[in-house]
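Commentary on secondary and tertiary structure
What follows is the residue order along each chain.
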Amino acid sequence: MSLSSVALVGLPGSGKSTVGRHLARRLSLPFFDSDHVIEQRIGCSIREFFEREGEERFRDVEQTVLDELTQGCACVLSTGGGSVLRAENRAHLHDRGQVIYLRSTPEEVFRRLRHDRNRPLLQVADPLQRLRDLYAVRDPLYREVAHFVIETGRPSVATLVNMIVMQLELAGFMAPSQAMPPKAGPLVGS
């Protein structure tokens with residue numbers, strides 16, 4: 001079985017873009033962040049579009065972009081936190097590649113995002129409660145679409161990438177030698 005695309009899903013701030021970039025490098029695959037592709041397409045920030053057009057219109061654009069990105073060549077794809085809200089997106093992601101759910105608790109995400117002003121859904125009086133509400137709705141959807149669930153907790157990005165590669169290898173989607181190992185630094189003291 002050969003590796004097709006790998007899509008990362010999870011709450012906003014769970015590390016999808018950062019882990020995705022490193023994973024793509026490790027697998028020698030192109031990397032796409034669906035939110036960046038959407039911003040290029042709409043010609044403004046997602047936050048501006050959200051405010052001007054509303055969430056439903058944003059989800060329409062997101063659905064079109066995800067459909068296109070999941071039909072292309074093998075890649076690593078970081079998705080927006082709400083991409084799983086539509087059944088069509090879940091089907092495209094699940095059926096056209098391997099989906100990794102980077103599971104973070106609302107408290108972990110809040111710690112990472114508490115100073116971020118670019119996330120439209122978190123610009124509320126109580127962002128931690130908002131994250132808890134999002135988690136309650138989305139966690140079952142992330143689990144439904146995911147082939148693998150990776151607990152983010154406190155591991156480094158490199159550790160998370162290693163965990164994903166190991167899962168893909170164990171599932172038979174890549175040969176152990178298919179993923180380029182990280183470059184080793186010089187040996188000290190030899």
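Read on for a plain summary of the structure. Owing to the predicted nature of the structure, the values given are computational and were not obtained by experimental measurement.

So, the sheet that holds strand 4 (residues 97-103)
Pairing within the open sheet is parallel, and its five strands lie in the order 2-3-1-4-5. Strands with a single pairing partner mark the edges of an open sheet, and in this sheet they are strand 2 (31-33) and strand 5 (148-151). If you compare each strand with its neighbour and ignore which way they point, the axes differ by 20 degrees on average. Two strands pair when backbone bridges link them, and strand 2 and strand 3 (residues 76-78) are joined in this way by three bridges, in the parallel orientation. Directly across from phenylalanine 32, in strand 3, lies its bridge partner leucine 77. Where helix 2 (residues 34-42) meets the sheet, its contacts fall on strand 2 and strand 3, and the angle it forms with strand 2 comes to roughly 65 degrees. Relative to strand 4, helix 7 (residues 127-145) is tilted by about 145 degrees, and along the sheet it contacts strand 1 (5-9), strand 4 and strand 5.

Here we look at the packing of helix 6 (residues 106-113) against helix 7
Viewed as axis vectors pointing N to C, helix 6 and helix 7 meet at an angle of 135 degrees, and their least axial separation amounts to 9 Å. In terms of orientation, helix 6 lies oblique with respect to helix 7. At the point where helix 6 passes helix 7, the crossing takes the right-handed sense. On helix 7, the residues touching Pro106, Glu107, Val109 and Phe110 of helix 6 are Pro127, Leu128, Leu131, Arg132 and Tyr135. Of the residues assigned to the contact of helix 6 with helix 7, the class counts are seven nonpolar, no polar and two charged.

The rules behind each value
- Going along each chain's sequence as written, the residues are numbered from 1 onward.
- Side-chain atom pairs in this predicted model are given and counted only at pLDDT of 80 or more, local residue features only at pLDDT of at least 70, and totals for whole chains, interfaces and linings cover all residues.
- Side-chain measures here rest on the full set of heavy atoms in the structure, leaving out hydrogens and waters.
- Here the rule is simple: two strands pair whenever DSSP picks up at least two bridges between them.
- Numbering goes from the N terminus for both helices and strands, where a helix is a DSSP run of H or I of at least four residues and a strand is a run of E of at least two.
- Helix axes are fitted only over the stretch in contact, all axes being lines through C-alpha atoms; the angle between N-to-C directions runs from 0 to 180 degrees.
- Whether two residues touch is decided by their heavy atoms; if any such pair falls within 4.5 Å, the residues are in contact.
- Roughly parallel covers angles under 35 degrees, roughly antiparallel covers those over 145, roughly perpendicular covers 65 to 115, and oblique covers all other angles.
- Crossing handedness follows the turn of the near helix against the far one: under a right angle anticlockwise gives a left-handed crossing, and clockwise gives a right-handed one.
- Amino acids outside the nonpolar list (Ala, Val, Leu, Ile, Met, Phe, Trp, Tyr, Cys, Pro) and the charged list (Asp, Glu, Lys, Arg) are all regarded as polar, and Gly is one of them.

Any functional reading would require information beyond the geometric quantities listed.
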